Amino acid sequence: MLAVLIYHAGFSAIPGGYVGVDIFFVISGFVITSAVQPDLAAGRFNLRDFYERRIRRIFPPLFVMVTVTLVLGWLVLMPDDLKRLGQSSVANAAFLSNFYFLKDSDYFGTTAAAKPLLHTWSLAVEEQFYLLLPLYMLLFKRWSADVMRWLTLSLFALSLSLAAVATYFEPTLSFFLLPTRAWELLAGVMLAQGMVPSPRSAKDEWARALLGIFLIAYALLAYSEKTVFPGLAALPPVLGTMLIISAGMRREGHANAWLASRIMVFLGQISYPLYLWHFPLLGFAGYLSLRGLGLAETLAVYAIIVICALVSWRFVEQPVRTRRVLSGQRALFGFGLVCIVVTLLAGLALHFGRGMESRFNGDQLKLVRGMTDRLADKGCMFLSPDQVVSGNVCRLGSKVAVLPDTFLWGDSHAEALAPGFAEQAERTGKAVLFAGQHGCAIGQHLLDTSWAGKECAVFDKTMLDYLLAQTSIKQVVLVSRWTALRTAKQAEEVNGRLVPTAEQALTRVVTQLVNAGKQVRLVGPVPDAKTLVPRALYLKSLGFAKEFEVRQRLDEFESVQKNTLVTLRNLANQQGVSLTLPHLELCKEGWCAVEQDGYPLYFDDNHLSTHGARVVMASPRM
C-alpha cells in the first residue's frame, strides 16, 4: 500500500504507484486463503467463523474512518459535494463502492479531492470476492486438491481474459469491477493452494525475489495515468508480487526471514489503517487548499495520516481483533450491523437532505448554490440526429406560438449561455430554438478521429443540413469554447484525406450559412477561472486559501485566446457575420470577474452560471 500512498501524495517519482492496489489484491488472496486452507483440510471450516474474522479485521477501522469523514464533510464540504459523500457512504455500507464510483469515475482526475471515500472501491471489490470465495471452497471441498487447483486456474484465466478484452473496449469497467479484478486475488489463492512450488535453493529464492522486485519496479516507474490499465498491463506487478511471496515460502531462506522481520510485520499491520486514512485526509487538505499541496504541506498531512493510522490500529483495530472488546460472535455481528445501518442512514440523510443547505447563512448560500446554478432542462443537449431532423429541439423564451427565427447552436458553453438567451428573448416577447452537444465544438470535431469525434461530425452535419433547409431561421448564433482555435495549425493529411483545421472547418460552416441567407452571430470565448469558482469563493469565505487568486488576468486571457480572437474577428469581417465578446463585459480593470453581488458567475471553472449568463446577456454589447 506504500506505493498507493506515495502515488496519491502526488510525487512524480513513481507515476505508476496505483499498481499498489494490484499488489494488495494478490497479498490479500494469499493471506486469506492460507488462513482458510487448514480449517478446510481439518473439516472445521464454517462461514460464521470466516465472516467473524473478516468483520474483526475490516469493520472497526473502516467505519470509524467513514464516520470521521462524514463529520469532516459536514463541516467543510459544499452541499453538492456532501450529497455525493452521503451517496458514497451508502455505497460503502453495502460494499458496492466500486459500482458507485464506476458511474462517477475520476480516479486519476483532479476532482478526486471532492470524493473522500473513492478509495473504498478496492475494499468493495475485495469484500465481494470474499463473499464468494468461502462459498466456492465449501461447494467444491469434496473434490480433490488437483481438481480444485485446475478450477482455480480456469477461473484465473477466464478473469484475466475478460480483463484484457474489457480494458481494450471499456477500461473504466475493467478498472472497478470484480470479474476483471478477480484474477489478481486468484493469483494469491493459487499461491496458497500450492500451485507455485517453493524455491528449492537459495539461488532459486533470490532469483524469484529479484525478478519480482524488478517487475514491480518496472510498473511503478514506467506506468502512468496514460497507461491502458488494468488488463494485461497489471501482469507485471501481479507476477512480481507472486514471485516475492513464493520466494518467502522457503522457511530457511533469507526472503522468508526478511518478510517475517519485525519491521515488515509492523508495516503489514498498519498498512490497512494507513490506506484507510490517507485518501480522505489528503482529499480534504487538497479540497481546502485550492492550489494543491506543497511538499511541506503534504508531509504534514502524512504525519497526521500516520498518527491516525497508529491510533486506529492500537485503540480501534487491536482491541476487537484480540477480543478484548466484542468477544462474542453475536455482539460482533450486532456491531457490524449497527455500523452498516448507521452509515447507510447518515448517507441517505445527506442525499435526501440535498447536502444540508441549512448549514449555511444567506451569503454563503449564494455561493454554494452556484455549483448547480445552470440550465435545468437537459433535453437541449445530446439530441439524436433524428430528433434534429424532425425539429424536436428546445424552445427558449416566450411560450407564445410565434415561429422563432433565431437558432442557438453549440457545445456546453452554449448550454451555459442558454438561460441568458431565454430571458433576453422573453423580455422581447420572442423565442429562440436551441440544440447542441457537449464536447462538440462547431468545426473542432474535424480534428478528432476518435469515435467521439465521429459522433460530433454526424451531429454537426445534421445540424448544418437542418439549418440550411429551414427558411424560417434567419439568424444562427454559434457558441463554443473554441479550444482548437487557440493554436494556429496547418491542415493535416489523415488516411490520404486532407483534414481541415478548426479555423477552416468553422469558416466553411459560417460561409454555408451566410450563402443560405442566414445572419451568423459568433459568440467569443469566456475567460477561464483558476479553479471551481463557487467552491473557491465559499472556501475563501471560510478563511481558507486567502492568497489564492480565482480570477484570470485580462492580459493572460488575451494571450491564451490571441489566435481565437483573431480568427473570430476575421470571420466577422464578412458580410452577414457579427461577433459578440463576453469577456468585454466580464473583464474590467485588468481582471476577469468571477462573482457579482455575492453570486458566482461560473458554476465550474469555465462555464457561466445562470447568473453569469444573465449578466453577460444583459450587456448592450450582447
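Residues numbered from 1 in each chain as written. Predicted model: local features only at pLDDT ≥ 70, side-chain atom pairs only at ≥ 80, totals over all residues. Heavy atoms only, no water.

A. Layout of the overall build of the protein chain. In terms of helices and strands, the protein chain carries 25 helices and 13 strands. With respect to the principal axes defined by its C-alpha atoms, the protein chain has extents near 90 × 60 × 45 Å. Counting across all 622 residues of the protein chain, residues that qualify as buried make up 51%. Look at the contacts in the protein chain between residues 6 or more apart in sequence, and 77% of them connect residues 24 or more apart. A total accessible area of about 28,500 Å² is found for the protein chain, and carbon and sulfur atoms account for 61% of it. (Helix = DSSP H or I, 4+ residues; strand = E, 2+ residues; numbered from the N terminus. Buried < 20%, exposed > 50% of the residue type's maximum accessible area, 1.4 Å probe, protein only. Contact = heavy atoms within 4.5 Å. Areas by Shrake-Rupley, 256 points an atom, 1.4 Å probe, with all protein chains shown as cover.)

B. Focus on the nonpolar core. Core analysis: the biggest nonpolar cluster contains 147 residues, and Leu62, Phe129, Leu408, Leu417 and Phe434 have the highest contact counts within it. Considering each element in turn, this core owes the most residues, 13 residues, to helix H13 (residues 262-289). The residues touching Leu408, leaving out its near neighbours within four places in the chain, are Leu396, Ala414, Ala418, Phe421, Val432, Leu433, Phe434, Ala435, Val477 and Val479. (Core = buried A, V, L, I, M, F, W, Y, C linked by side-chain atoms within 4.5 Å.)

C. Here's a closer look at the sheet that holds strand S10 (residues 587-588). One open sheet accounts for three strands, arranged S8-S11-S10; its pairing is antiparallel. Either end of the sheet is taken by a strand with one partner, and the two such strands are strand S8 (552-553) and S10. (Pairing = 2+ DSSP bridges.)

D. How the structure looks around the state of the cysteines. Inspection of the entire model under this criterion finds three disulfides. Each sulfur of the disulfide joining Cys380 and Cys394 lies 2.0 Å from the other. Handedness of the Cys380-Cys394 disulfide follows from its S-S torsion of about -100°: it is left-handed. Taken together, the residues Cys380 in the loop between helix H16 (362-368) and helix H17 (385-389) and Cys394 in strand S1 (residues 394-397) connect sequence positions 14 residues apart. (Disulfide = S-S within 2.5 Å.)

E. Structural view of a nonpolar patch on the surface. Where nonpolar side chains cluster on the molecular surface, the patch consists of Val64, Val68, Val71, Leu72, Trp74 and Leu75 and spans about 480 Å² of accessible area. Relative to the elements of secondary structure, Val68 occurs in helix H3 (residues 47-76). (Patch = residues over 30% accessible without salt bridge, like charges linked within 9 Å, V, L, I, M, F, W, Y side chains within 5 Å. Salt bridge = Lys/Arg side-chain N within 4 Å of Asp/Glu carboxyl O.)

F. Fine view of the environment of Arg262. By secondary structure assignment, the location of Arg262 is in helix H13. On the basis of relative accessible area, Arg262 is assigned to the exposed category, the value being 79%. For the pair Arg262 and Ala163, spaced 99 residues apart in the sequence, the C-alpha separation amounts to 37 Å.

G. How the structure looks around the pattern of salt bridges. For the structure shown, the criterion picks out 23 salt bridges. A salt bridge links Lys461 to Asp465, with the shortest nitrogen-to-oxygen separation between them at 3.0 Å. One end of the pair, Lys461, and the other, Asp465, are both in helix H19 (residues 451-469), four residues apart, so they sit about a helical turn from each other. Given a relative accessible area of 38%, Asp465 falls into the partly exposed group. Residue Glu556 pairs with Lys530 through a salt bridge whose shortest N-O separation is 2.9 Å. With Glu556 in helix H22 (residues 554-560) and Lys530 in the loop between strand S7 (519-523) and helix H21 (533-541), this residue pair connects regions lying 26 residues apart in the sequence. By sharing partners, the salt bridges in this structure join Asp80, Asp81, Arg84 and Arg535 into a single network.

H. The arrangement of the packing of H3 against helix H6 (residues 120-139) in detail. Relative to each other, H3 and H6 sit at 175°, their axes nearing to 11 Å. Comparing their axes, H6 and H3 come out roughly antiparallel. For the pair H3 and H6, contact is made by Leu47, Phe50, Tyr51, Arg54, Ile58, Leu62 and Met65 and by Thr120, Leu123, Glu126, Glu127, Tyr130, Leu131, Pro134, Leu135 and Leu138, respectively. Of the residues belonging to the contact of H3 with H6, the class tally is 12 nonpolar, one polar and three charged. (Axes fitted to C-alpha atoms, helices over the stretch in contact; angles between N-to-C directions. Parallel < 35°, antiparallel > 145°, perpendicular 65-115°, else oblique. Nonpolar A, V, L, I, M, F, W, Y, C, P; charged D, E, K, R; others polar.)

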